[in-house]
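Topology and contacts: notes
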Amino acid sequence: MGGHLRRVEYRGRVFPFGVDYNLCSDPHASLLVLRSGIPTRLVTADVTLQTWLGAADVEALEKSGSPLCEALARAVRVWTPVQQRLLDPAPADAFDNAAFLHDPLALACVYDESFCGFETLEIEPCISTGVFRTIERSKPSQATLPMRCATSVDAPRIRAHFMERVRGAPAAPAGRRS
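The structure reproduced in this document is the subject of the present report. The shown structure was predicted, so the numbers you read here are calculated from the model rather than taken from an experiment.

1. Some points on a nonpolar patch on the surface
Taken together, the side chains of Leu 107, Val 110 and Tyr 111 present a nonpolar region at the surface, about 330 Å² in accessible area. Mapped onto the fold, Val 110 is located in helix α6 (residues 102-111).

Written out as structure tokens, the structure reads:
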């Protein structure tokens, strides 16, 4: 994950820069990494906030019989009310968001960019008023670097992919190896 490029809005609430805890938790280290010239792919909060698990997904994890899935479901059940207090302007209206898929989306894009629409953009990594920023610039300059940036996401597809991956592939019938 990497900062946010464009307007970050969730359920009518616009978030200020710095909402990304990954890069913003250590702005100086983030600046060093992004200015290093290493080819970079950013999956930013303006994209990841469009992806989440719903209550039915958490229930499916709980009922899976897998210790991993059951542990994930327990963690999500603990996290959901915290997330709602932090992000949801109207938590009482039963919006079905149990947990965002920020990091799962970023990881999935490492091995399959097709979950998102990507563009190569001129990005200026900087610290502005103490907050790490990834600013999209229209033209290259000495302050910018070209980076592959997610600008859209197929949210239903990444949710389904996440659920399939954590539940594991069905076991092959006895006597057959794949």
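From this point, things continue past the structure.
2. Description of the environment of Gly 54
With respect to the helices and strands, Gly 54 occurs in the loop between β4 (52-53) and α4 (55-62). By relative accessible area, Gly 54 is classed as buried at 7%. C-alpha of Gly 54 to C-alpha of Ala 98: the two residues are 44 residues apart in sequence and 5.1 Å apart in space. With sequence-adjacent residues up to four places away left out, Gly 54 is seen in contact with Asp 96 and Ala 98.

3. Brief notes about the pattern of salt bridges
If you walk through the whole model with that rule in mind, you get 7 salt bridges. Between Lys 63 and Glu 59 there is a salt bridge, with its nearest N and O atoms 2.8 Å apart. Lys 63 gets classed as exposed once you look at its relative accessible area, which sits at 63%. Using a relative accessible area of 37% as the deciding quantity, one classes Glu 59 as partly exposed. Where Glu 62 meets Arg 77, a salt bridge forms, and the shortest distance between an N and an O atom there is 2.8 Å. On the criterion of sequence distance, the pair formed by Glu 62 in helix α4 and Arg 77 in helix α5 (residues 67-87) is long-range, its members being 15 residues apart. Of the residues examined, Glu 62 reaches a relative accessible area of 33% and is grouped as partly exposed. The partly exposed category is assigned to Arg 77, whose relative accessible area is 43%. Overlapping salt bridges bring together Arg 41, Glu 113 and Arg 148 as one network.

4. Concerning the sheet that holds strand β7 (residues 131-137)
Spatial ordering of the open sheet is given by β3-β8-β6-β7, a layout of 4 strands whose pairing is mixed. Sheet topology places β3 (41-42) and β7 at the edges, where each strand pairs with a single neighbour. Here strand β6 (residues 116-128) pairs with strand β8 (residues 145-153) via 8 bridges, running antiparallel. Within β8, the position partnered with Gly 117 by the bridge is Ser 152. Of the strands in this sheet, β3, β6 and β8 touch α6, which is tilted by about 120° from β6.

What counts as what
Residues numbered from 1 in each chain as written. Predicted model: local features only at pLDDT ≥ 70, side-chain atom pairs only at ≥ 80, totals over all residues. Heavy atoms only, no water. Patch = residues over 30% accessible without salt bridge, like charges linked within 9 Å, V, L, I, M, F, W, Y side chains within 5 Å. Areas by Shrake-Rupley, 256 points an atom, 1.4 Å probe, with all protein chains shown as cover. Salt bridge = Lys/Arg side-chain N within 4 Å of Asp/Glu carboxyl O. Helix = DSSP H or I, 4+ residues; strand = E, 2+ residues; numbered from the N terminus. Buried < 20%, exposed > 50% of the residue type's maximum accessible area, 1.4 Å probe, protein only. Contact = heavy atoms within 4.5 Å. Pairing = 2+ DSSP bridges. Axes fitted to C-alpha atoms, helices over the stretch in contact; angles between N-to-C directions.

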